[in-house]
Amino acid sequence: MEKVLFEERDHIGYVTINRPDVLNCFDYETLSTLQAIVEQISYSSSIRVVIFTGAGEKAFSAGADLKERQHLTEAETRRNVAAIQRVFQSIASLPQPTIAAVNGYALGGGFEWLLACDFAIAAQGASMGLTETSWAIIPGAGGTQRLPRLIGEMKAKELILTAKTISAEEALDLGIVLAVRPRDQILHASVELAHAMMKNGPVALRQAKHAIVQGMNTDIQTGMGVEAKAYERTLMTQDRMEALQAFAERREPNFSGK
C-alpha cells in the first residue's frame with residue numbers, strides 16, 4: 001500500500017498521507033516519498049493549488065511514528081528529524097497556495113504540517129496541539145517558529161510549554177484554522193476555497209503569496225521592495241492582458257498561467 005497518495009485534478013494537487021491504521025504518522029519512508037512529491041509539485045505549472053490531508057476519519061496526522069523511533073539509532077533519529085524539517089519547509093516554500101484539510105487529530109508533527117500550509121480547514125471534533133514536551137523533546141519541524149508568528153508569543157508559549165491540545169473551535173478562535181466544518185465536508189470546503197483562488201490569475205496568486213511570505217519575514221520598507229518586484233513580474237503576462245480584454249468584452253477571463 002502506498003504511504004503517500006498524489007493526484008492532480010482540474011489544476012488542484014491532492015496529497016494524502018495514507019497510513020490510517022497508525023493515525024497517518026510519519027516514518028522515514030513516508031517523509032522521503034512526501035518530499036519527492038512536494039518537489040514535483042513545486043516545478044509544476046499546471047497545479048495551481050495544493051490540498052494536503054490524511055486518509056481515514058480519525059487523523060490528519062499524529063506526528064512522528066514513535067514505534068519506528070523506538071528502534072532507530074541516534075544517527076537514524078537525527079536523519080528522520082532532518083527529513084521532517086526539510087519536507088515541511090519545502091511545503092511552506094511551495095509557490096502555490098496550500099490548504100490543510102484537517103480531518104482529525106493533528107498532533108506534534110501533524111500540527112507542524114498544518115502550520116506549514118497557507119490555510120487550514122478543520123473538522124468539528126478534531127483536536128490539535130504541539131505535544132512534544134510531554135515526550136521530553138521540543139517541536140522540531142517548525143512549531144516553535146511558525147506558531148508564535150501566527151498567534152503571538154505568549155499564547156504559543158502556553159500551548160508548547162504545557163503540551164496542551166485544543167479543539168478545532170479553539171484553533172479557529174486563535175486564527176490557526178480558517179474554518180471548522182463537519183468532517184464529511186472538509187474536502188469539499190477545501191476545494192471550494194481552492195476554486196475561489198483559482199478563478200484569479202495563476203501568476204498573480206504565486207506572486208501575491210511570495211510577497212506576503214517574504215514581506216512578513218522582514219521590515220516593512222524591505223517588504224515594500226519585495227512587493228514591487230512581485231508586482232513587476234505580473235505586468236507583462238498574457239494573463240494580465242487577458243484580464244483587460246475580458247473586462248472590455250464583459251466576459252470572464254480565461255487565464256493560462258502565462
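See the structure shown above.
Residues numbered from 1 in each chain as written. Predicted model: local features only at pLDDT ≥ 70, side-chain atom pairs only at ≥ 80, totals over all residues. Heavy atoms only, no water.

**Q** An account of the packing of aromatic side chains is needed here, citing residue identities and associated values.
**A** This model, assessed by the stated rule, comprises four aromatic pairs. Relative to Trp113, the ring of Phe52 lies with its centre 6.2 Å away and its plane at 75 degrees, an arrangement referred to as edge-to-face. Taken together, the residues Phe52 in strand β3 (residues 49–54) and Trp113 in helix α4 (residues 109–116) connect sequence positions 61 residues apart. Accessibility expressed as a relative area gives 0% for Phe52, which makes it buried. Joined through ring pairs, the aromatic side chains of Phe26, Phe52, Phe60, Phe88 and Trp113 make up one cluster. For Arg9, the ring lying beneath its charged end belongs to Tyr14, and the centroid distance is 4.2 Å. A cation sits over an aromatic face here: Arg79 above Tyr28, 3.8 Å from the ring centre. (Phe/Tyr/Trp six-rings, centres within 6.5 Å; stacked < 30°, edge-to-face > 60°. Helix = DSSP H or I, 4+ residues; strand = E, 2+ residues; numbered from the N terminus. Buried < 20%, exposed > 50% of the residue type's maximum accessible area, 1.4 Å probe, protein only. Lys NZ or Arg CZ within 6 Å of the ring centre and 35° of its normal.)

**Q** Go over the sheet that holds strand β10 (residues 179–181), please, and point to the residues and values.
**A** Pairing is mixed across the open sheet formed by six strands, whose spatial order is β1-β2-β3-β5-β7-β10. Edge positions in the sheet fall to β1 (4–9) and β10, since each has one partner strand and no second. Ignoring strand direction, the axes of neighbouring strands in this sheet form an average angle of 20 degrees. The sheet strands contacting helix α1 (residues 28–42) are β1, β2 (12–17) and β3, and the helix crosses β1 at an angle near 20 degrees. (Pairing = 2+ DSSP bridges. Axes fitted to C-alpha atoms, helices over the stretch in contact; angles between N-to-C directions. Contact = heavy atoms within 4.5 Å.)

**Q** How would you sum up the sheet that holds strand β4 (residues 59–61)? Please name residues and give values.
**A** Taken together, the four strands give an open sheet; going across it, the order is β4-β6-β8-β9, and neighbouring strands pair in mixed fashion. Both outer strands of the open sheet, β4 and β9 (166–167), are each paired with one neighbouring strand and no more. Judged from the two bridges that link them, β4 and strand β6 (residues 105–107) form a sheet pairing that is parallel. Bridge pairing links Ala59 to Tyr105 in β6. Along the sheet, α4 contacts β4, β6 and β8 (127–129); its crossing angle with β6, the most-contacted strand, is approximately 95 degrees.

**Q** Tell me about the nonpolar core, and please be specific about residues and values.
**A** Side chains that are nonpolar tend, in soluble globular proteins, to be buried together. In this structure, Leu34, Phe52, Leu114, Met128, Leu147 and Ile176 are the most contacted members of the largest nonpolar core, which totals 63 residues. Sorting elements by how many residues they give to this core places helix α8 (residues 186–198) first, with seven residues. Not counting residues up to four positions away in its chain, the partners in contact with Met128 are Val102, Ala106, Leu107, Phe111, Leu114, Ala122, Lys164, Thr165, Ile166, Ala168, Ala171 and Val177. (Core = buried A, V, L, I, M, F, W, Y, C linked by side-chain atoms within 4.5 Å.)

**Q** Could you give an account of the environment of Phe255, naming the residues involved and the relevant values?
**A** Mapped onto the secondary structure, Phe255 falls in the segment after α11 (238–248). As for Phe255 and Glu68, which are separated by 187 residues in sequence, their C-alpha atoms are 46 Å apart. Once residues lying within four places of it in the same chain are set aside, the contact partners of Phe255 are Arg48, Lys199, Asn200, Gly201, Pro202, Asp239, Glu242 and Ala243.

**Q** Residues and numbers for the pairing of β2, please.
**A** Counting buried positions along β2 gives six out of six residues, so the element sits mostly inside the fold. Here β2 shows two buried faces, one formed by Ile12, Tyr14 and Thr16 and the other by Gly13, Val15 and Ile17. Joining the antiparallel neighbours β1 and β2 is a turn of two residues, in which Asp10 adopts a positive phi near 50 degrees. In this structure, β2 lies alongside β3, joined through six bridges in parallel fashion. For Gly13, the partnering residue across the bridge sits in β3 and is Val50.

**Q** How would you explain a nonpolar patch on the surface if you had to name every residue and give the values?
**A** A cluster of nonpolar side chains, Leu66, Trp135 and Ile137, forms an exposed patch at the surface whose accessible area comes to about 330 Å². Note that Trp135 resides in the loop between β8 and α5 (143–151). Looking at Trp135, the relative accessible area reads 56%, which means it is exposed. (Patch = residues over 30% accessible without salt bridge, like charges linked within 9 Å, V, L, I, M, F, W, Y side chains within 5 Å. Areas by Shrake-Rupley, 256 points an atom, 1.4 Å probe, with all protein chains shown as cover. Salt bridge = Lys/Arg side-chain N within 4 Å of Asp/Glu carboxyl O.)

**Q** Describe the pairing of strand β5 (residues 98–102), listing the residues and the values that go with them.
**A** A large share of β5 lies buried, amounting to five of its five residues. The two faces of β5 match: Thr98, Ala100 and Val102 on one face and Ile99 and Ala101 on the other face are all buried. Both β3 and β5 contribute to a ladder of four bridges, which runs parallel. Following the sheet pairing, Thr53 is matched in β5 by Ala101.

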